[in-house]
Amino acid sequence: MNMVTLATTLQKKKEKTELILRNIFNLPPVPKAIKEALDLLSSPKTNNFQLSHVISTDQGLVTKILTIANSPLYGLQRKVTTIDFAILVLGYHELKNIISVLSIVESFKNKTDQYLDQKEFWLHSFITGTASRRLAEDLDFPNEGEAFITGFLHDMGISVIHRFMHSSFIEIHNLVNGSGINYQEAELEVLGMTHQQIGYYLFEKWNFPDQVCDVILNHHNPEKSANNKMLTSIIHLADYMTQKLEKGKSYWDKDIQLNLTELSNLRIRNQEEADKFIIGYEELFNNQVEAVRYLN
Ligand SMILES: [Fe+2]
Ligand SMILES: [Fe+2]
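Because the structure is a prediction, the values reported are computed rather than measured.

### Some points on helix H3 (residues 48–56)
Reasoning step 1: Burial in H3 covers these residues: Leu51, Val54 and Ile55. On an axial view of H3, the arc spanned by its buried residues comes to 95°, and they lie on one face.
Reasoning step 2: Against the buried residues of H3 lie helix H2 (32–42), helix H4 (59–69) and helix H5 (83–108).

### A short note on the nonpolar core
Reasoning step 1: Judged by nonpolar contacts, the single largest core of 79 residues is most densely connected at Ile65, Val101, Ile216, Ile234 and Leu237.
Reasoning step 2: The biggest single contributor to this core is H5, with 10 residues.
Reasoning step 3: The contacts of Val101, once residues within four sequence positions are left out, are Gly129, Ile149, Phe152 and Leu153.

### Thoughts on the confidence of the model for the protein chain
Reasoning step 1: Model confidence for the protein chain is summarised by a mean pLDDT of 90, while 97% of its residues fall at 70 or above.
Reasoning step 2: Put simply, helix H14 (residues 260–263) is where the protein chain has its lowest mean pLDDT, 83, and helix H10 (residues 183–191) is where it has its highest, 96.

### Description of the packing of helix H11 (residues 195–205) against helix H12 (residues 210–218)
Describing two packed helices takes the angle between their axes plus the distance from one axis to the other.
Reasoning step 1: One can describe the packing of H11 onto H12 by two numbers: an axis separation of 7 Å at closest approach and a directional angle of 165°. As the angle between them shows, H11 and H12 are arranged roughly antiparallel. Classified by chirality, the crossing of H12 by H11 is left-handed. On H12, the residues touching Gln196, Gln197, Gly199, Tyr200, Phe203 and Glu204 of H11 are Val212, Cys213, Ile216 and Leu217.

About the cut-offs
- Residues numbered from 1 in each chain as written.
- Chains lettered and ligands numbered in written order.
- Predicted model: local features only at pLDDT ≥ 70, side-chain atom pairs only at ≥ 80, totals over all residues.
- Buried ≥ 20, exposed ≤ 12 C-beta atoms within 10 Å, placed from the backbone.
- Helix = DSSP H or I, 4+ residues; strand = E, 2+ residues; numbered from the N terminus.
- Arc of directions from axis to C-beta.
- Contact = placed C-beta atoms within 7 Å.
- Core = buried A, V, L, I, M, F, W, Y, C linked by C-beta atoms within 7 Å.
- pLDDT = per-residue confidence, 0-100.
- Axes fitted to C-alpha atoms, helices over the stretch in contact; angles between N-to-C directions.
- Parallel < 35°, antiparallel > 145°, perpendicular 65-115°, else oblique.
- Left-handed = near helix turned anticlockwise from the far one by under 90°.

Written as structure tokens, this is what we have:
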């Protein structure tokens, strides 16, 4: 195939994928308790009692909020054992970040099959999100909440392919395993788009802040981010750390390369410094995985 035909084929595949994405423009229904909690968190008249009551009707939501609040990478000083206490220590703003992220992840969740284990995928999102928040704090990035949200949602494109383009998901999977090309190349080959572009497409349509969309688009190539190099580098590093430390890693990221040039934004200058930096988080990552072992 010559270059022109190749570009046209890619464009055609991209258009087909975008058509599917346009049809899922409206988010799938959000679980009831999550929706009610988000409504309450947006209303100035809400009190802690109402909020706690609504959240408590969904035991899965309670467990997940407590797990996040108690995550060692999240870094709260005191153990959070009840929703009432979680509301107090996290505050409405942080709680809204957590519940928004959970609502998106939950509403896109598909059933586990041999191609994607939902628990593993959740763990990858969760660890990347909490680690990004911690890195933001440690590296003096001013908006930790944004780091958490973006880290948690960085790979949503993968979840969307699994749920809404399942046969393409299998095709990509088989292509990687059969021909040895990497996931990025296989995604382009099958869908004309990468999972980063798919995530970007949807979050843009849902009017997420520009920084969040930009980071989702560039999390594998932080050098391409125009205005958010530091946040993109933080998510990129957190994502890489899950591979390097082998905690909460996603097999879809197995070929991920650490971009050292951009890490200078984080005051890390070479591979040796990066390795040393990452090892410093090993124990935290271990504790983190231990803390969510029983979550489903
Ligand atoms: Fe990714
Ligand atoms: Fe990832």
